[in-house]
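# Remarks on the overall topology
Each chain, letter by letter, is given below.
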Amino acid sequence: MMRSLPLLTISLTSLLLAACATPPVEHLYRLDYPLTSASQAEAQYEVVIATVKLPEAVNRQQLVIQKSATESLISDEQRWLAPLDEQLTHALTAHLRKNLPDAWLSTDTGINASIATTPGKTLPRYLVKVQIDQLLIHSGSQLTLEASWVVLDHSRKLLKREHQVFTVSLNGTAYEAVAPAMSEAAKQLAEQVGGSVLGVRKVP
């Protein structure tokens, strides 16, 4: 029995070293949004998503989870596939493209100006700027997205200013529940932004 102790100690040490040498597994998440191939050649107006800004504290690759009202947890192994502001821009544009079928959607004013202009006719243009005021993700509970946005005309005159808080329940306690909840919040935000655009379109 006494002779086997050194071998046992060496074996346990080897296992511990091997465990420490194994790099942590990274989990990457992306937002889910519709991909549409519908033609917008007959668009009646343009909508440009000019900016989607997030607070620096949450606009990072790592997921930021609220442990309490005053403490946040940043996970190096749980990451967004792409910057969150970039993903939100794509998600918002995709949802608006579906919700506003008679609009030409773009995030680039240069491309937008050259494509969505027909001979002898320049389409009305609306610029949308979105500011995420607060993003709180409570593990196993809910995701809260507080957003403000404005709709401007082609000369950047303010036409509409809105603010709303979106709350989505997380389906489970695992990190995997965050991306679907964030996707749903982006969808709800797009619905409200689309409503704002339609509202200014009805104004004479």
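Above this text you will find the structure in question.
Residues numbered from 1 in each chain as written. Predicted model: local features only at pLDDT ≥ 70, side-chain atom pairs only at ≥ 80, totals over all residues. Heavy atoms only, no water.

## Points about the overall build of the protein
- Helices and strands together make up the secondary structure of the protein, namely four helices and 10 strands.
- Starting at the N terminus, the α and β elements of the protein follow one another as α-β-β-β-β-α-β-α-β-β-β-β-β-α.
- Within the protein, the fraction of its 204 residues that count as buried is 37%.
- In the protein, the share of contacts with a sequence separation of at least 24, taken over all contacts with a separation of at least 6, comes to 65%.
- When the accessible area of the protein is evaluated, it comes to approximately 11900 Å², of which 55% is carbon and sulfur surface. (Helix = DSSP H or I, 4+ residues; strand = E, 2+ residues; numbered from the N terminus. Buried < 20%, exposed > 50% of the residue type's maximum accessible area, 1.4 Å probe, protein only. Contact = heavy atoms within 4.5 Å. Areas by Shrake-Rupley, 256 points an atom, 1.4 Å probe, with all protein chains shown as cover.)

## Observations concerning the pairing of strand 8 (residues 125-138)
- Both strand 2 (residues 45-53) and strand 8 contribute to a ladder of seven bridges, which runs parallel. Along strand 8, the bridge assignment pairs Glu46 with Arg125.
- The sheet contact formed by strand 8 and strand 9 (residues 142-152) spans 11 bridges and is antiparallel. From the neighbouring strand, Leu135 faces strand 9, where its bridge partner is Leu145. (Pairing = 2+ DSSP bridges.)

## Here's the deal with the packing of helix 2 (residues 84-99) against helix 4 (residues 178-202)
- Between helix 2 and helix 4, whose axes approach to 9 Å, the crossing angle comes to 50 degrees. It follows from the interaxial angle that helix 2 and helix 4 lie oblique. Handedness of the helix 2/helix 4 crossing: right-handed. Touching Leu84, Leu88, Ala91, Leu92, His95, Leu96 and Asn99 of helix 2 are Met182, Ser183, Ala186, Lys187, Leu189, Ala190, Glu191, Val193 and Gly194, all from helix 4.
- Of the residues belonging to the contact of helix 2 with helix 4, the class tally is 10 nonpolar, four polar and two charged. (Axes fitted to C-alpha atoms, helices over the stretch in contact; angles between N-to-C directions. Parallel < 35°, antiparallel > 145°, perpendicular 65-115°, else oblique. Left-handed = near helix turned anticlockwise from the far one by under 90°. Nonpolar A, V, L, I, M, F, W, Y, C, P; charged D, E, K, R; others polar.)

## Observations regarding the pattern of salt bridges
- Under the criterion given, the structure shown has four salt bridges.
- Taking the shortest distance from any N to any O, the salt bridge between Glu71 and Lys67 comes out at 3.8 Å.
- We classify Glu71 as partly exposed; its relative accessible area is 40%.
- Given a relative accessible area of 53%, Lys67 falls into the exposed group. (Salt bridge = Lys/Arg side-chain N within 4 Å of Asp/Glu carboxyl O.)

## Notes on the side chain of Ser183
- Tracing the backbone through its elements, the reader meets Ser183 in helix 4.
- The exposure class assigned to Ser183 is buried, which follows from its relative accessible area of 8%.
- Apart from residues no more than four positions distant in its own chain, Ser183 is found in contact with Leu31, Asp32 and His95.

## Focus: the side chain of Thr93
- Considering the arrangement of structural elements, one finds Thr93 in helix 2.
- In this structure the side chain of Thr93 is engaged in a polar contact, spanning 2.8 Å, whose partner is the backbone oxygen of Thr89.
- With residues up to four places along the chain from it excluded, the contact list for Thr93 reads Ile49, Leu105 and Thr107. (Polar contact = N/O pair within 3.5 Å; in protein donor to acceptor, adjacent residues only side chain to side chain.)

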